[in-house]
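Chain by chain, the residues run as shown.
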Amino acid sequence: MYPLDREKGELQFGKSSATELIEQFGSPLYLYDEETMRARCREMKNLCSLPNFRVYYSAKANTSIALLKIARQEGLHVDAMTVGEIYQEKLAGFTKEEILFLSNNVQPQHFQEVIDQDILVCIDSLSQLETYCALAPGKEVYIRVNPGKGAGHHEKVITAGKVKFGIEPDGIPEAFEIAKKHSCRLTGFQMHIGSLFLQGEEFTPAIQTMLDIAKQYPQIEYIDFGGGFGIPYDREQEQPFPLEKFSETFTSLLTNWMEETGRKPIFAIEPGRFLVAEAGSCLIQVQATKVNSGIKFIGTDLGFNFLLRPEFYGSYHEIIHATNGDNSQKEVVTVVGNVCESGDHLGKDRELPLIQEQDLLLIRDTGAYGFSMASNYNSMMRPAEVLIQSDGKARLIRKRETIETLVNNQIF
Ligand SMILES: *Cc1c(COP(=O)(O)O)cnc(C)c1O
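Residues numbered from 1 in each chain as written. Predicted model: local features only at pLDDT ≥ 70, side-chain atom pairs only at ≥ 80, totals over all residues. Heavy atoms only, no water.

1. Some thoughts on the side chain of Ser-27
- Within the secondary structure layout, Ser-27 lies in the loop between α1 (18-25) and β4 (29-33).
- A polar atom in the side chain of Ser-27 sits 3.1 Å from the backbone nitrogen of Gln-285.
- A polar side-chain atom of Ser-27 sits 2.8 Å from a polar atom in the side chain of Asp-301.
- Apart from residues no more than four positions distant in its own chain, Ser-27 is found in contact with Ile-22, Leu-283, Ile-284, Gln-285, Asp-301 and Arg-400. (Helix = DSSP H or I, 4+ residues; strand = E, 2+ residues; numbered from the N terminus. Polar contact = N/O pair within 3.5 Å; in protein donor to acceptor, adjacent residues only side chain to side chain. Contact = heavy atoms within 4.5 Å.)

2. Points about the packing of aromatic side chains
- Tallied over the full model, the rule gives 23 aromatic pairs.
- Taking the ring centre of Phe-94 as reference, the NZ or CZ of Arg-72 above it sits at 6.0 Å.
- Over the aromatic face of Tyr-233 sits the side chain of Arg-309, whose NZ or CZ is 4.4 Å from the ring centroid. (Phe/Tyr/Trp six-rings, centres within 6.5 Å; stacked < 30°, edge-to-face > 60°. Lys NZ or Arg CZ within 6 Å of the ring centre and 35° of its normal.)

3. Topic: the site of the ligand
- Lys-60, Ser-195, Glu-270, Arg-273 and Tyr-369 are the nearest of the 15 residues found near the ligand.
- Between the ligand and His-192, the relevant distance is 3.4 Å, taken from a nitrogen atom to a side-chain nitrogen or oxygen of the residue.
- Residue Ser-195 places a side-chain N or O atom 2.3 Å away from an oxygen atom belonging to the ligand.
- When the ligand is considered free in solution it has 390 Å² of accessible area, and contact with the protein chains removes 95% of it. (Near = heavy atom within 4 Å. Areas by Shrake-Rupley, 256 points an atom, 1.4 Å probe, with all protein chains shown as cover.)

4. Concerning the sheet that holds strand β1 (residues 5-7)
- A sheet is described by the order of its strands in space; here three strands give the open sequence β1-β2-β3, paired in antiparallel fashion. The outermost strands of the open sheet, each flanked by one partner alone, are β1 and β3 (16-17).
- As defined by bridge partners, strand β2 (residues 10-13) adjoins β3 across two bridges and the pair is classed as antiparallel. Bridge pairing in β3 places Gln-12 opposite Ser-17. (Pairing = 2+ DSSP bridges.)

5. Regarding the domain arrangement of the protein chain
- Domain assignment breaks the protein chain into domain 1 (4-32 + 279-406) and domain 2 (47-275).
- Look at where the C-alpha atoms of domain 1 and domain 2 centre, and you get two points 33 Å apart.
- Listed per partner, the contact involves 20 residues of domain 1 and 18 residues of domain 2.
- Together domain 1 and domain 2 conceal approximately 1,700 Å² of surface at their shared face, both sides included; 53% is due to carbon and sulfur atoms. (Domains from an automatic or database assignment. Buried area = accessible area lost by both parts, 1.4 Å probe.)

6. Considering the packing of helix α5 (residues 108-116) against helix α6 (residues 126-135)
- Viewed as axis vectors pointing N to C, α5 and α6 meet at an angle of 45°, and their least axial separation amounts to 10 Å. Between α5 and α6, the angle is such that the two are oblique. The element α5 and its partner α6 pack so that their crossing is right-handed. Judged by residue contacts, Pro-108, Phe-111, Gln-112 and Ile-115 of α5 engage Gln-128, Thr-131, Tyr-132 and Leu-135 from α6.
- Residues of the contact of α5 with α6, tallied by class, amount to five nonpolar, three polar and no charged. (Axes fitted to C-alpha atoms, helices over the stretch in contact; angles between N-to-C directions. Parallel < 35°, antiparallel > 145°, perpendicular 65-115°, else oblique. Left-handed = near helix turned anticlockwise from the far one by under 90°. Nonpolar A, V, L, I, M, F, W, Y, C, P; charged D, E, K, R; others polar.)

7. Observations concerning the packing of helix α8 (residues 204-215) against helix α9 (residues 243-261)
- The interhelical angle for the contact between α8 and α9, taken along N-to-C directions, is 10°, at an axis separation of 11 Å. Classified by the angle between their axes, α8 and α9 sit roughly parallel to one another. The chirality of how α8 crosses α9 is right-handed. For the pair α8 and α9, the contacting residues are Thr-204, Ile-207, Gln-208, Leu-211, Ala-214 and Lys-215 in the first and Phe-246, Thr-249, Phe-250, Leu-253, Leu-254, Trp-257, Glu-260 and Thr-261 in the second.
- Looking at the contact of α8 with α9 residue by residue, the class counts come to eight nonpolar, four polar and two charged.

8. Focus: unusual backbone geometry
- Residues Ser-27 and Pro-28 are joined by a peptide bond in cis, for which omega reads -5°.
- In this model, Ser-183 sits at a positive phi of 55°, which is unusual for a non-glycine residue.
- Along the polypeptide, Ser-183 turns up in the loop between α7 (172-181) and β10 (185-190).
- On the accessibility criterion, Ser-183 (51% relative accessible area) is exposed.
- With a phi close to 50°, Ser-379 is a non-glycine residue in the positive phi region.
- Here Ser-379 is to be found in the loop between β18 (360-364) and β19 (384-388). (Buried < 20%, exposed > 50% of the residue type's maximum accessible area, 1.4 Å probe, protein only.)

9. Focus: the pairing of strand β6 (residues 77-80)
- Here β6 shows no split at all, with His-77 and Asp-79 on one side and Val-78 and Ala-80 on the other all buried.
- For the segment spanning strand β5 (residues 53-58), helix α3 (residues 65-73) and β6, crossover handedness is right-handed.
- In the sheet, β6 pairs with strand β7 (residues 99-102) via three bridges, with the strands oriented parallel. What sits directly across from Ala-80, in β7, is Phe-101.
- In this fold, β6 hands off to helix α4 (residues 83-91), which returns the chain to β7; that crossover is right-handed. (Right-handed = clockwise from strand over helix to strand, strands pointing away.)

10. Re the UniProt feature "modified residue: N6-(pyridoxal phosphate)lysine" (unreviewed entry) in the protein chain
- Here, the residues flagged by UniProt with the feature "modified residue: N6-(pyridoxal phosphate)lysine" (unreviewed entry) are Lys-60.
- With respect to the secondary-structure elements, Lys-60 resides in the loop between β5 and α3.
- Given a relative accessible area of 32%, Lys-60 falls into the partly exposed group. (UniProt positions renumbered as here; feature names shortened; annotations may be inferred.)

Following this line, the structure appears as C-alpha cells:
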C-alpha cells in the first residue's frame with residue numbers, strides 16, 4: 001500500500017493513524033487503498049492500446065464487492081469461477097455482458113444457473129463441453145486451452161502443462177465437433193499458465209503458442225491469455241513486472257497476428273493479483289513476546305486461517321512496525337499467529353524496530369488471495385475489511401464476523 005507515511009513514528013493511512021484504525025475497527029484488520037488499486041487497474045488497461053483489447057479482473061483474488069465496484073468503474077470486465085462470484089459481481093454492478101464464467105469441474109445445475117443468466121461460459125474439458133452444450137444448444141461457448149507449458153512462483157499455482165487444466169491442442173478439433181453437434185458456436189480460446197511471474201519472458205512463448213493455435217481456427221473471435229502478472233513481495237530482492245517492455249512485445253505480437261491473418265478478434269487478459277495485492281495490507285496487534293530456543297517470537301492475532309499464503313505457498317510478505325518508526329535499535333524476530341499449529345508463521349528472522357505487547361505491525365501486499373482464502377479454522381471470526389478512500393477517509397466495507405457466524409448453519 002502506498003504511500004507509507006509516518007507521523008510521530010506511526011503509520012498513517014489517509015486521515016487515520018494505525019492506532020485510530022484499530023481502535024475503531026478492531027484487530028486484525030484488512031486494509032485497502034483505493035488509489036493504489038485504481039492505479040493498477042489503469043496500468044493493466046494501458047498494457048495494450050488496441051481497441052479490441054480487454055482486461056478481465058480475476059475476482060477470486062479478492063471478491064469484496066466494494067473492490068469489484070472500483071474495478072468496474074475503471075472500465076474492467078470480470079471473470080467468475082463460481083456462481084457465488086457471479087452473484088457478488090452482479091451486486092457490484094457488472095452486467096451479464098461484462099462477466100465471463102471460467103468453469104472447472106462444474107455441477108450441471110450450476111451450468112444451468114449461468115445459462116439462465118445468459119452469461120458466456122468457458123469450458124475446461126471435452127467431457128464438460130458435452131454436458132454444457134447439451135444444456136445450452138445454440139449458445140456461444142469458449143474453451144480453455146492448455147498450451148503445454150506453465151509458469152509461476154510455486155507448483156501449486158502452475159496451471160498449464162501436466163496439470164488438471166484445459167483441453168490440449170490435439171483435442172481442439174473434437175471440441176469443435178462437440179459444439180457443432182449441439183449447434184453451439186465455439187468462438188473463443190482461453191488460457192492461464194500460472195500465477196506470479198515477474199518477467200514477461202515466461203509468458204511470451206505461451207502467448208505465441210496460443211496465437212499459433214488460433215491461426216488454424218478462423219471461427220475464433222476471442223483470445224484470452226489469462227492472468228499471472230506478479231508483484232515484488234520482497235522489494236529488496238525483486239523488481240516490479242516490466243510493464244513497458246512487456247507491453248511492447250505483447251502489442252507487436254497481437255498487431256502482427258492481425259496483419260498476418262486479416263482477423264480482428266477480442267484479445268483479453270485476466271489479472272487478479274496484480275490489481276489488488278499491493279492495494280491491501282493487514283494491520284495486526286502483538287499479543288505476546290517470548291524467547292524459545294534462542295528465537296524471539298512475536299505472537300500476533302493474525303493466524304494462517306486469515307492469511308494463508310505464508311503457510312500454504314511459503315510466501316514472503318514484508319512486515320513493518322506500524323507504531324514504532326525508530327530504526328536506530330533493531331532486533332531479529334520471528335512473527336507468528338494465534339492458530340494452534342506450529343506452521344503458523346508470518347515471517348521468520350525479520351529485522352524490526354523493538355516490539356512490545358500491544359504494538360501494531362503491518363503485513364504488506366495482502367490484497368490478493370488474503371481475505372478471499374481466509375477461513376473460520378480454529379473457530380475464529382474472520383476480520384473486518386476497511387477501504388482507505390481516495391479522499392483519505394476510512395470506510396468499513398466488510399464487518400468483522402460475529403460468534404453467530406460459527407453456528408448459523410449447524411443443526412444440533
Ligand atoms: C487465478 C486465475 C487468474 C488470475 O491469476 P493472477 O495470478 O491472480 O493474476 C486468471 N485466470 C484464471 C483462469 C485463474 O484461475
